[in-house]
Amino acid sequence: MNRLSNTVVHEICTNQVVVTLQACVKELVENSLDAKATRIEVRLRDSGAELLEVVDDGCGIAAEDFEKVASRHATSKIRQYNDLSSGDFSTFGFRGEALSAISAMGDLTIATKTKASAASLLCYDRYGKLASTSPIAREVGTTVSVRELFKRLPVRHKEFMRNAKSQVSATLRLIQSYAIAQPQVRFSVIAEKLRGPSAGKATLLCTSGTASDWHQAAAAVLGDAALSKTQKLNISAGPWQVEGLISSPVAGRRSRDAQLFFVNGRPIDAPKRVAKLINDTYHQYNSRAWPLVILSFTAPQGMVDVNVTPDKKQVFLHEEEQLLTELQPALTELLGISEVHGVHSGPSGPVLSHFGIRPSNAGSGDDGQAPNTPEPVRPQSPMVSRETPEKSQFFGEMAMRTLVPDSQSSTSTADDVPQMHVVEMHEGSQDASPERRRGHAADG
Ligand code: ADP
Ligand code: MG
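The numbering scheme is per chain: residues are counted from 1 as the chain's sequence reads. For this description, chains carry letters from A and ligands carry numbers from 1, given in the order in which they are written. Reporting of local features is limited, given that this is a predicted model, to residues whose pLDDT is at least 70; pairs of side-chain atoms are given and counted only at 80 or more, and all residues count toward the totals for whole chains, interfaces and linings. Heavy atoms throughout the structure, all of them, feed into the side-chain values; hydrogens and water do not.

Chemist: Even after reading the chapter, I still don't get the pairing of strand β6 (residues 141-147), so can you show me in this structure?
Modeler: Moving residue by residue along a regular strand, the side chains alternate between the two faces of the sheet. Of all 7 residues in β6, 6 are buried, a share of seventy percent or more. By the convention used here, strands pair only if DSSP detects at least 2 bridges between them. Numbering of helices and strands starts at the N terminus; helices are DSSP runs of H or I of at least 4 residues and strands are runs of E of at least 2. Of the strand pairs in this sheet, strand β2 (residues 51-56) and β6 are connected by 6 bridges, and their pairing is antiparallel. The residue of β6 that forms the bridge with D56 is T142. Pairing analysis gives 7 bridges linking strand β3 (residues 107-113) to β6, with the strands arranged antiparallel. Bridge pairing in β6 places T109 opposite S145. Think of it in three bands: with a 1.4 Å probe and only protein chains considered, a residue is buried below 20% of the maximum accessible area for its type, exposed above 50%, and partly exposed in between.

Chemist: Explain the packing of helix α2 (residues 21-34) against helix α3 (residues 98-105) here, please?
Modeler: In a packed pair of helices, the relevant descriptors are the angle between the two axes and the axis-to-axis distance. The contact between α2 and α3 brings their axes to 10 Å, and the two run at 140 degrees. Between α2 and α3, the angle is such that the two are oblique. Relative to α3, the crossing made by α2 is left-handed. For the pair α2 and α3, contact is made by C24, E27, L28 and N31 and by A98, L99 and I102, respectively. Each residue is assigned to one of three groups, with Ala, Val, Leu, Ile, Met, Phe, Trp, Tyr, Cys and Pro labelled nonpolar, Asp, Glu, Lys and Arg labelled charged, and all others, Gly among them, labelled polar. A class-by-class count of the residues in the contact of α2 with α3 yields 5 nonpolar, 1 polar and 1 charged. Comment: axis = line fitted to C-alpha atoms, over the contacting stretch for helices; angle = value between 0 and 180 degrees taken between N-to-C directions. Oblique is the label for every angle not falling under 35 degrees (roughly parallel), over 145 degrees (roughly antiparallel), or within 65 to 115 degrees (roughly perpendicular). Put simply, a crossing is left-handed when the front helix is turned counterclockwise from the back one by less than a right angle, and right-handed when it is turned clockwise. In this description, contact between two residues means that some pair of their heavy atoms is separated by no more than 4.5 Å.

Chemist: What am I meant to see in α2 here?
Modeler: Owing to its 3.6 residues per turn, the α-helix brings residues three or four apart onto one side. In this model, α2 (14 residues) spans 20 Å end to end at C-alpha, consistent with the 20 Å of a helix rising 1.5 Å per residue. The buried fraction of α2 is high, at 12 of 14 residues. Buried residues of α2: L21, A23, C24, V25, K26, E27, L28, V29, E30, S32, L33 and D34, and no others. After α2 finishes, the residue K36 shows a positive phi value of roughly 65 degrees. The span one expects for a helix is its residue count, reduced by one, times 1.5 Å.

Here it is, written out as structure tokens:
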């Protein structure tokens, strides 16, 4: 029997942290947010295959950390396990794995400057060891550059090249949700192609960073039309503060493609039970559509466990039962108010029983007996497929729409909503034709 060497273990383990372009970008953006950046720019050259860069104006990395940042389990964010549950701990970083994993996947260099020190360019080898340091010029902040991501993993590299377009749109969707979750941060995504007919630079997304809240930011990212027939949800449930928007029953979507969840300002995968409760309740009022959902949960950090999956996108919400119990009557009230004639209206409370939770009677006005609860009505329209929701379609569309000139945009945006500034520049041609723009969009 052989014992695997540390370097082999390093390469095997890193495979779980940074599996896709999107996962890689997510880690880097999280780091920038943890560094209190107010501007974050993501640059993708050749869909990120050739060069991926995340540039921020955060606090920078101190010289004494240069050696450590890309070594395994090196983090400046926690010292001991207990820190994880302390109330003022507010980061999704802390495992010290991302830069180490990235250094194993591609060539990692970091340019960084803190307020107190001069700027440095740092090159790391594939084991995360600092290989060289040289002086450069730059503002306070950090640029992490990854060249030839996945080049050391031939299978994954091939897979990446085959799906480059969809990986770029997934990355764009991720940045869109960060832009909504962090309205005070200015995000941009720039795609660059050096060769071929569509060579040039394109700004795929650029937010103002001046929206006053995530609601405004959502309008700027998704367009006013998408938010027009939505209703505000605002509840507190135990430690949780929940704010959000949900489509009214008259205005659902054909697929489940616009459901966003945030915990403490960071996008997460839909918490399964919460999403199920919302969709099941919604289907009692409109069985033919899916709601647009944007829900933002806030609680002291100890209430969230982000260590559930390596990519930290699935989180465990403490006191979820209480959350569901409070959420259910609030949803029923909200959706019931705008109920439409001819659409089946379910009694309040039934869907909680799917979770083994006794329905609360608040607002139901019944005699205190739990109603004899029918299964929520399933969508009957052949246009709606519950089995294969086109989950990402909406944001994909949005991404493409941002490249169409304003006059052709299908949604109008109110004056008081900060605009997504979508500028497209082709080298050598400032005013590319719409056809050219769309062609570029299709190139991803
Ligand atoms: P973690 O985020 O879990 O601490 P990472 O591997 O992502 O681990 O990052 C390692 C360390 O590098 C961080 O703890 C932080 O100190 C530093 N770092 C990484 N990116 C940045 C950045 N953009 N700005 C400032 N510091 C950074
Ligand atoms: Mg990190």
